[in-house]
Amino acid sequence: SVRVVNANSGQWSELLTGLTSATDVLVIGSQIYVLQISTNLSAGAPGQLIRFKNKDALPEVVATGLIGASGMIYDPARDAIFVSELFAGRITRIQR
């Protein structure tokens, strides 16, 4: 899941649920991108990048086949997301 923590009170709430292997979250406008290290961790399946158009939307798969997806960053000049694939030793550019 993705949680929101209030830094003043320490209380948290669920933002997105149903995720089992999230490694990074990126918010661009109202869209929420979630990076998953694997689609089936116990089977060793590759990961994926999913997008929620807003916190109440269903997820959409943006990219699949990511090997050990561990982090991401957004480059607004290129309108692209760069994903680090730890086990593949590469950075993958995903055009929005």
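Everything numeric in this text was worked out from a predicted model, so none of it was measured. (Residues numbered from 1 in each chain as written. Predicted model: local features only at pLDDT ≥ 70, side-chain atom pairs only at ≥ 80, totals over all residues. Heavy atoms only, no water.)

Caption draft 1: A look at the overall build of the chain. Within the chain, the secondary structure is distributed over zero helices and nine strands. Secondary structure elements of the chain, listed N to C terminal, follow the sequence β-β-β-β-β-β-β-β-β. In terms of overall dimensions, the chain is globule-like: its C-alpha atoms have a radius of gyration of 14 Å, near the 12 Å expected for 96 residues. If one aligns the C-alpha atoms of the chain with their principal axes, the spans along those axes are about 40 × 35 × 25 Å. For the chain, the residues scored as buried account for 30% of the 96 residues in total. For the chain, the share of sequence-separated contacts (at least 6 apart) that also reach a separation of at least 24 residues comes to 21%. On the chain, roughly 5,800 Å² of surface is accessible, and the fraction owed to carbon and sulfur atoms is 51%. (Helix = DSSP H or I, 4+ residues; strand = E, 2+ residues; numbered from the N terminus. Rg over C-alpha atoms; globule rule 2.2 N^0.38 Å. Buried < 20%, exposed > 50% of the residue type's maximum accessible area, 1.4 Å probe, protein only. Contact = heavy atoms within 4.5 Å. Areas by Shrake-Rupley, 256 points an atom, 1.4 Å probe, with all protein chains shown as cover.)

Caption draft 2: The arrangement of the side chain of Asp 75 in detail. Within the secondary structure, Asp 75 is located in strand β7 (residues 69-75). Classification of Asp 75 as buried rests on a relative accessible area of 16%. Contacts of Asp 75, omitting those with residues within four sequence positions, involve Ala 80 and Phe 82.

Caption draft 3: Focus on the nonpolar core. In this structure, Leu 26, Ile 28, Tyr 33, Leu 35, Leu 49, Ala 63, Leu 66, Ala 69, Met 72, Ile 81, Val 83 and Ile 94 together form the largest nonpolar core, which totals 12 residues. Elements with a minimum of two residues in this core: β3 (22-28), β4 (31-36), β6 (60-66), β7 and β8 (80-85). Not counting chain neighbours up to four residues away, the residues in contact with Leu 66 comprise Leu 35, Ile 37, Pro 46, Gly 47, Gln 48, Leu 49, Val 83 and Glu 85. Within the second largest apolar cluster, seven residues are counted, among which are Val 2, Val 34, Ile 50 and Phe 52. (Core = buried A, V, L, I, M, F, W, Y, C linked by side-chain atoms within 4.5 Å.)

Caption draft 4: Spotlight on the sheet that holds strand β5 (residues 47-52). Across the sheet, four strands lie side by side as β3-β4-β5-β6; this open sheet has antiparallel pairing. Each of the sheet's edge strands pairs with one partner strand only, and the pair in question is β3 and β6. Here the average twist between neighbouring strands, direction ignored, is 15°. Summarising the sheet, β3 and β4 pair through six bridges and their orientation is antiparallel. The residue of β4 that forms the bridge with Asp 24 is Leu 35. (Pairing = 2+ DSSP bridges. Axes fitted to C-alpha atoms, helices over the stretch in contact; angles between N-to-C directions.)

Caption draft 5: Local environment of the pairing of strand β2 (residues 12-16). Relative to β2, strand β1 (residues 2-5) runs antiparallel, the two being bridged by four bridges. In the strand pairing of β2, Val 4 is matched with Ser 13. Taking the residues that link successive antiparallel strands as the turn, the β1-β2 hairpin has six residues, and the phi of Gly 10 there is positive, at about 80°.

Caption draft 6: Inspection of the environment of Ala 22 at higher detail. Relative to the helices and strands, Ala 22 resides in strand β3. With a relative accessible area of 35%, Ala 22 lands in the partly exposed category. With sequence-adjacent residues up to four places away left out, Ala 22 is seen in contact with Val 34, Leu 35 and Gln 36.

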